[in-house]
Amino acid sequence: MDAESFKKEFLPYHRKLYSVAFRLLEDAADAEDVVQEAYLKLWDKRDGLALICNPEAFCVALVKNMCFDLLRSGKYTLSKQTVELDNVQDVQSADHLETKEDVREVKRIISRLPLQQQQVVTLHDVKGCSYEEIERVTGLKAVNIRVLLSRARKKIREEFNKWSNYESRRN
């Protein structure tokens, strides 16, 4: 495959690949790096790409797997995997200020969970990863993921209710 046909075939997927990477990594620079590395891998294997029936699906799977590898690696720290719930838009009404405070408290509660529970909650409930994708990232079995997720949600609910009841008594 020559450079011109490679560009015509694979460059139109750039936006979609970037979106997938950004959704999983939640970092623009890291997402762009992963997409660029994916294009390099595709270029290195360009002679075998003609055998692929669905190039778009192949590219998406490649980028997802590269993101999972990055998330699994020691390079990607816990700070990159924590829930970024602070990105709530500033709105001036009291309801929205209360919501922002609630979000901050949930984030604090999640940060105090055990590491595996933090990771599973972040991947499943925030990033929308499936159990199979979480299995690939964490190396855990689906049963363990469900248990960790259940325990994490229960703890978040209990701690939030305690905090919420305390806050309402203070006011």
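Peer 1: Just checking my understanding: could you explain the packing of helix 2 (residues 14-25) against helix 3 (residues 28-44) for this structure?
Peer 2: Two measures define how a pair of helices packs: the angle their axes make with one another and the distance between the axes. Contact geometry for helix 2 and helix 3: axes closest at 8 Å, N-to-C directions at 130 degrees. With respect to their mutual orientation, helix 2 and helix 3 come out oblique. Crossing handedness for the pair helix 2 and helix 3: right-handed. The residues of helix 3 that touch helix 2, namely those facing His14, Leu17, Tyr18, Ala21, Phe22 and Leu25, are Ala28, Asp30, Ala31, Glu32, Val34, Val35 and Tyr39.

Peer 1: Hey, could you run me through the nonpolar core in this one?
Peer 2: What tends to happen in soluble globular proteins is that the nonpolar side chains get buried as a cluster. With 38 residues, the main nonpolar core has Phe10, Leu17, Tyr39, Leu42 and Val63 as its most contacted residues. Secondary structure elements with two or more residues in this core: helix 1 (3-10), helix 2, helix 3, helix 4 (55-72), helix 6 (94-111), helix 7 (115-126), helix 8 (131-138) and helix 9 (142-170). Top contributing element to this core by residue count: helix 4, with 8 residues. Here Val63 is in contact with Leu17, Val20, Ala21, Val34 and Ala38, once residues within four sequence places are set aside.

Peer 1: Please clarify how the pattern of salt bridges should be interpreted in this entry.
Peer 2: Any two side chains of opposite charge can pair, on the condition that their charged atoms come close. Applying the stated criterion across every chain yields a total of 7 salt bridges. A salt bridge links Glu159 to Arg112, with the nearest nitrogen and oxygen atoms 3.6 Å apart. Here Glu159 is found in helix 9, whereas its partner Arg112 is found in the loop between helix 6 and helix 7, with 47 residues between them in sequence. For Glu159, the salt bridge identified is with Lys155, shortest N-O distance 3.3 Å. With Glu159 and Lys155 both in helix 9 and 4 residues apart, this pair spans about one turn of that helix. Three or more residues are tied together by salt bridges with common partners; here these are Arg112, Lys155, Glu159 and Lys162.

Peer 1: Is there a simple way to explain the state of the cysteines in this structure?
Peer 2: All chains considered together, the criterion is met by 0 disulfides. In this model Cys67 remains outside any disulfide bridge; the closest cysteine sulfur is found in Cys129, 9.4 Å from its own. The class of Cys67 is buried, set by a relative accessible area of 0%. Residue class for Cys129 comes out buried when judged on its relative accessible area of 2%.

Reading the values: the criteria
Residues numbered from 1 in each chain as written. Predicted model: local features only at pLDDT ≥ 70, side-chain atom pairs only at ≥ 80, totals over all residues. Heavy atoms only, no water. Axes fitted to C-alpha atoms, helices over the stretch in contact; angles between N-to-C directions. Helix = DSSP H or I, 4+ residues; strand = E, 2+ residues; numbered from the N terminus. Parallel < 35°, antiparallel > 145°, perpendicular 65-115°, else oblique. Left-handed = near helix turned anticlockwise from the far one by under 90°. Contact = heavy atoms within 4.5 Å. Core = buried A, V, L, I, M, F, W, Y, C linked by side-chain atoms within 4.5 Å. Buried < 20%, exposed > 50% of the residue type's maximum accessible area, 1.4 Å probe, protein only. Salt bridge = Lys/Arg side-chain N within 4 Å of Asp/Glu carboxyl O. Disulfide = S-S within 2.5 Å.

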